[in-house]
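What the coordinates show
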Amino acid sequence: MGSALAELPCDDVADNRSGVGGGISDVYGEDLATLDQLVTPWVTSVASGSTLMRDPRYNKGLAFTDKERDAHYLTGLLPPVVLTQDVQERKLMHNLRQYTVPLQRYMALMDLQERNERLFYKLLIDNVEELLPVVYTPTVGEACQKYGSIFRKPQGLYISLKEKGKILEVLKNWPQRGIQVIVVTDGERILGLGDLGCQGMGIPVGKLSLYTALGGIRPSACLPITIDVGTNNQKLLNDEFYIGLKQRRATGQEYAEFLHEFMCAVKQNYGEKVLVQFEDFANHNAFDLLSKYSTTHLVFNDDIQGTASVVLAGLIAAQKVLGKKLADHTFLFLGAGEAGTGIAELIALKISRETGAPIDETRKKIWLVDSKGLIVSSRKESLQHFKQPWAHEHEPVKDLIGAVNAIKPTVLIGTSGVGQTFTKEVVEAMATNNEKPLILALSNPTSQAECTAEQAYTWSKGRAIFGSGSPFDPVEYNGKTYLPGQANNCYIFPGLGLGLIMSGAIRVRDDMLLAASEALAAQVTEENFANGLIYPPFSNIRQISANIAANVAAKTYDLGLASNLPRAADLVKFAESCMYSPVYRNYR
Ligand SMILES: O=C([O-])CC(=O)C(=O)O
Ligand SMILES: [Mg+2]
């Protein structure tokens, strides 16, 4: 026996087989058992008694029925009461709300995930707006900073330089088969918090929880990985609780070879159709890794491509509020790294697709400012390669306010990783030049946001259309309530991933990102627009993800990059039917 299906007798096999995981049988065919036997160095046995209760995938706590307790040697191991999952959920939400410190809520949720996985996902799905900021941005940032101190159980796979030459063996140690999504970081640029080394693990863990909760990928098909090549963070190197290698980062050829071994091992162990999401790598590696592996693997960089796709969706939606086409805007970015240049490139591509103008031309509507000022042609020689396409003809401008005054953008986007850089002067200049300035402060977590929602609304006298990477509460200004949108890539990657997996995609293409953006933009309702929103609320995110997945899958089929045939007639229905449900299963 190898598959999760076989581990426990279970009444509702249908649920088990739904999922992109039923997906297991769809994607891997009936070969899974064989595949398992080939790659697994151990045998799974049927769990019962206390072992069953200690396995978070199967534990139901007080929700085990008397019949189940009887059949699985649990009688007496639990107090007599039998609770429903709904009552358990209410109790846990009540308990969570007692904690006032976000990190305590984070730790309580991580404990739940390790104790009772289905209940964890039920909470997350049913209370997404309340819990997203806890398991994800911004609290996950603080968790990574303190990961060494709060570390209890490894939640993903750690691959350090010590494992050089043995990465394939390390992958085989991971207990689950049928992996469909890997989120990997090397911890060098965690959100806008910089190099957190091995403690970046919180990010792949958090992203993958959202793959399941928001995108319906089975938890057991998700693999968080942290590659530890050292850290240049002296504070961590001096910290006795630091969990990673205490050495400075490997770079250059040593780094490239290690990552190459990893990427080859992943393909060898999981095949062509495993999705590898690169997350929070530093600029100097992120672009190279993406371009190197996008022709041989199913890879996606969330910070470059996911962020680009979510921002483009907001801009497409905003056309309705602003009454302007994308091509009629002038865009200015503060920050010319992964997010900035990634978004800029996708906007240029979209305008080019819409107008037929060559991308070299459409890029000219887009300007970027980095730490040295406006990116202009006279700086070209000294610019990193990913900034060069944005070096347009203009005299040098030394800072953001100078650039706002010179370029007069209609859209201002912050991707600098530096907080409080959209000053009052900058926002006021945007409001002077535009009836409705579109301002996106995308850097995470909240402390790194270029400005707060309150600042954007107050300084623009309530005229800004504002979105941010980290969540902000509604703002009262002049008797009116403003709802800031959260332009975070978590709108995109769960649905995109689902679409790639359900179609059996073998490569990611920009057209799939455009398809994701269009699907997301189409979910914004008149009511949302009336509230000043350019994104739909998260409360409906599973449906949104299913729609994104369907559009991405359709594009994948159209491009001839889908390997799961035949194509389902109704891709939205198919996406929905693939999604993992956290409702408990009955054990026979
Ligand atoms: O994790 C988030 O909230 C968004 C993101 O990818 C980043 O800031 O690096
Ligand atoms: Mg990221």
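Definitions and limits used
Residues numbered from 1 in each chain as written. Chains lettered and ligands numbered in written order. Predicted model: local features only at pLDDT ≥ 70, side-chain atom pairs only at ≥ 80, totals over all residues. Heavy atoms only, no water. UniProt positions renumbered as here; feature names shortened; annotations may be inferred. Helix = DSSP H or I, 4+ residues; strand = E, 2+ residues; numbered from the N terminus. Rg over C-alpha atoms; globule rule 2.2 N^0.38 Å. Buried < 20%, exposed > 50% of the residue type's maximum accessible area, 1.4 Å probe, protein only. Contact = heavy atoms within 4.5 Å. Lys, Arg positive; Asp, Glu negative; His and termini not counted. Charge placed at Lys NZ, Arg CZ, Asp CG, Glu CD. Pairing = 2+ DSSP bridges. Axes fitted to C-alpha atoms, helices over the stretch in contact; angles between N-to-C directions. Salt bridge = Lys/Arg side-chain N within 4 Å of Asp/Glu carboxyl O. Domains from an automatic or database assignment. Buried area = accessible area lost by both parts, 1.4 Å probe. Donors = N, O, S within 2.8 Å, 3.2 Å for Na, K, Ca; no water. Near = heavy atom within 4 Å. Polar contact = N/O pair within 3.5 Å; in protein donor to acceptor, adjacent residues only side chain to side chain. Areas by Shrake-Rupley, 256 points an atom, 1.4 Å probe, with all protein chains shown as cover. Nonpolar A, V, L, I, M, F, W, Y, C, P; charged D, E, K, R; others polar. Parallel < 35°, antiparallel > 145°, perpendicular 65-115°, else oblique. Left-handed = near helix turned anticlockwise from the far one by under 90°.

With an unreviewed UniProt entry as reference, the chain is termed Malic enzyme, source organism Eutrema salsugineum. Listed in UniProt under the heading Sequence similarities (unreviewed entry), the comment for the chain reads: "Belongs to the malic enzymes family."

**Re the overall build of the chain**
Looking only at helices and strands, the chain has 28 helices and 14 strands in total. In terms of overall size, the chain behaves like a compact globule, its C-alpha atoms giving a radius of gyration of 24 Å where 588 residues would be expected to give roughly 25 Å. Counting only C-alpha atoms, the chain reaches 75 × 55 × 55 Å along its principal axes. The buried share among the 588 residues of the chain stands at 61%. Sequence separation of at least 24 residues holds for 73% of the intrachain contacts in the chain that already meet a minimum separation of 6. Separation between the mean location of the 58 positive side-chain charges and that of the 64 negative ones in the chain comes to 1 Å.

**Topic: the UniProt feature "domain: Malic enzyme N-terminal" (unreviewed entry) in the chain**
Summarizing the sequence annotation, UniProt attributes the feature "domain: Malic enzyme N-terminal" (unreviewed entry) to residues 113-294 in the numbering used throughout. Along residues 113-294, the helical share is 47% and the strand share 11%, with 33 Å between the first and last C-alpha atoms.

**A short note on the sheet that holds strand β2 (residues 181-185)**
Across the sheet, which stays open at both edges, the 5 strands sit in the order β1-β3-β2-β4-β5 with parallel pairing between neighbours. Every interior strand has two partners, whereas the edge strands, β1 (157-160) and β5 (299-301), have only one. Ignoring strand direction, the axes of neighbouring strands in this sheet form an average angle of 25°. Where β2 lies against strand β3 (residues 222-228), 5 bridges are found, and the strand directions are parallel. Each residue of the ladder has a partner; that of Ile-182, found in β3, is Leu-223. Packed on one face of the sheet, helix α17 (residues 283-293) meets β4 (275-278) and β5 and runs near 155° to β5.

**Considering the environment of Ala-286**
For Ala-286, the position within the fold is in helix α17. A relative accessible area of 1% places Ala-286 in the buried class. On a C-alpha basis, the gap between Ala-286 and Asn-301 in space is 7.6 Å, while along the polypeptide they are 15 residues apart. Ignoring sequence-local partners within four residues, the contact set of Ala-286 consists of Phe-281, Asn-301, Ile-304 and Glu-338.

**As for the pattern of salt bridges**
Under the definition given, this model contains 29 salt bridges. We note a salt bridge from Asp-558 to Arg-567, for which the minimum N-O separation is 3.1 Å. The exposed category is assigned to Asp-558, whose relative accessible area is 54%. Across the pair Lys-573 and Asp-570 runs a salt bridge, and its minimum N-O distance is 3.6 Å. Three or more residues are tied together by salt bridges with common partners; here these are Asp-86, Glu-89, Lys-122 and Asp-126.

**Describing the domain arrangement of the chain**
Domain annotation of the chain identifies domain 1 (49-119), domain 2 (138-301), domain 3 (306-487) and domain 4 (491-578). Domain 2 puts 22 residues into the contact, and the matching count from domain 4 is 20 residues. Here domain 2 packs against domain 4, burying approximately 1,700 Å² in sum over the two surfaces, 66% of which is carbon and sulfur. Across the pair Glu-272 and Arg-507 runs a salt bridge whose closest N-O atoms are separated by 3.5 Å.

**Topic: the coordination of the magnesium ion (ligand 2)**
In the first shell of the magnesium ion (ligand 2), the protein supplies Glu-279 (OE), Asp-280 (OD) and Asp-303 (OD), at 2.0 to 2.1 Å from the metal. Each donor residue of the magnesium ion (ligand 2) lies on one chain, and together they are spaced E-D-x22-D. Of the two residues, Glu-279 and Asp-280, both sit in the buried class.

**Quick word on the environment of Glu-188**
Here Glu-188 shows up in the loop between β2 and α14 (202-213). A C-alpha to C-alpha distance of 39 Å links Glu-188 and Thr-355, two positions 167 residues apart in sequence. Leaving out residues up to four positions away in the same chain, Glu-188 has contacts with Gly-194, Asp-195, Arg-249, Asp-280, Ala-282, His-284 and Asn-285.

**Side note on the sheet that holds strand β11 (residues 465-468)**
As summarised here, the arrangement of the 7 strands in space is β8-β7-β6-β9-β10-β11-β14, forming an open sheet in which the pairing is mixed. In the strand order of this sheet, the two ends are held by β8 (373-374) and β14 (485-486), each with one partner. Sheet topology places strand β7 (residues 366-370) next to β8; 2 bridges connect them, and they run antiparallel. Residue pairing in the sheet places Val-369 in a bridge with Leu-374 of β8. Of the strands in this sheet, β6 (331-334), β9 (411-414), β10 (438-441) and β11 touch helix α18 (residues 302-322), which is tilted by about 155° from β10.

**Topic: the site of ligand 1**
Around ligand 1, the structure places Tyr-136, Thr-137, Arg-189, Leu-191, Lys-207, Glu-279, Asp-280, Asp-302, Asp-303, Asn-444, Asn-488 and Asn-489. Separating an oxygen atom of ligand 1 from a side-chain N or O atom of Arg-189 is a distance of 2.5 Å. Within the side chain of Asn-444, a nitrogen or oxygen atom sits 2.8 Å from an oxygen atom of ligand 1. The fraction of the free accessible surface of ligand 1 (260 Å²) that becomes covered by protein chains is 93%.

**Observations regarding the packing of helix α9 (residues 117-126) against helix α10 (residues 128-135)**
Running from N to C, α9 and α10 cross one another at 115°; their axes reach a closest spacing of 6 Å. Contact residues: Phe-120, Leu-123, Leu-124, Ile-125 and Asp-126 in α9; Val-128, Leu-131 and Val-135 in α10. Per-class residue counts for the contact of α9 with α10 are 7 nonpolar, no polar and 1 charged.

**Some points on the packing of α18 against helix α25 (residues 510-521)**
One can describe the packing of α18 onto α25 by two numbers: an axis separation of 8 Å at closest approach and a directional angle of 45°. Our classification of the angle between α18 and α25 gives oblique. Considering only the axes of α18 and α25, their crossing is right-handed. Facing α18, whose interface residues are Gln-305, Ser-309, Val-310, Leu-312, Ala-313, Ile-316 and Ala-317, α25 presents Asp-510, Leu-513, Leu-514, Ala-516, Ser-517, Glu-518, Leu-520 and Ala-521. In the contact of α18 with α25, the residues fall into 10 nonpolar, 3 polar and 2 charged.

**Considerations on the UniProt feature "active site" (unreviewed entry) in the chain**
In this numbering, the UniProt entry assigns the feature "active site" (unreviewed entry) to Tyr-136 and Lys-207. Spanning 72 residues, the named residues form one tight spatial group whose C-alpha atoms are at most 7.3 Å apart. Along the chain, the position of Tyr-136 falls in the loop between α10 and α11 (139-145). For Tyr-136, a relative accessible area of 3% gives the class buried. Ignoring any residue separated from it by four or fewer positions in sequence, one finds Tyr-136 in contact with Lys-207, Leu-210, Asn-488, Asn-489, Cys-490 and Phe-493. Note that Lys-207 resides in helix α14. The contact partners of Lys-207, leaving out residues within four places of it in the chain, are Tyr-136, Val-183, Gln-277, Glu-279, Asp-302, Asn-489 and Phe-493. Side chain to side chain, Lys-207 and Asp-302 meet in a polar contact 2.8 Å long.

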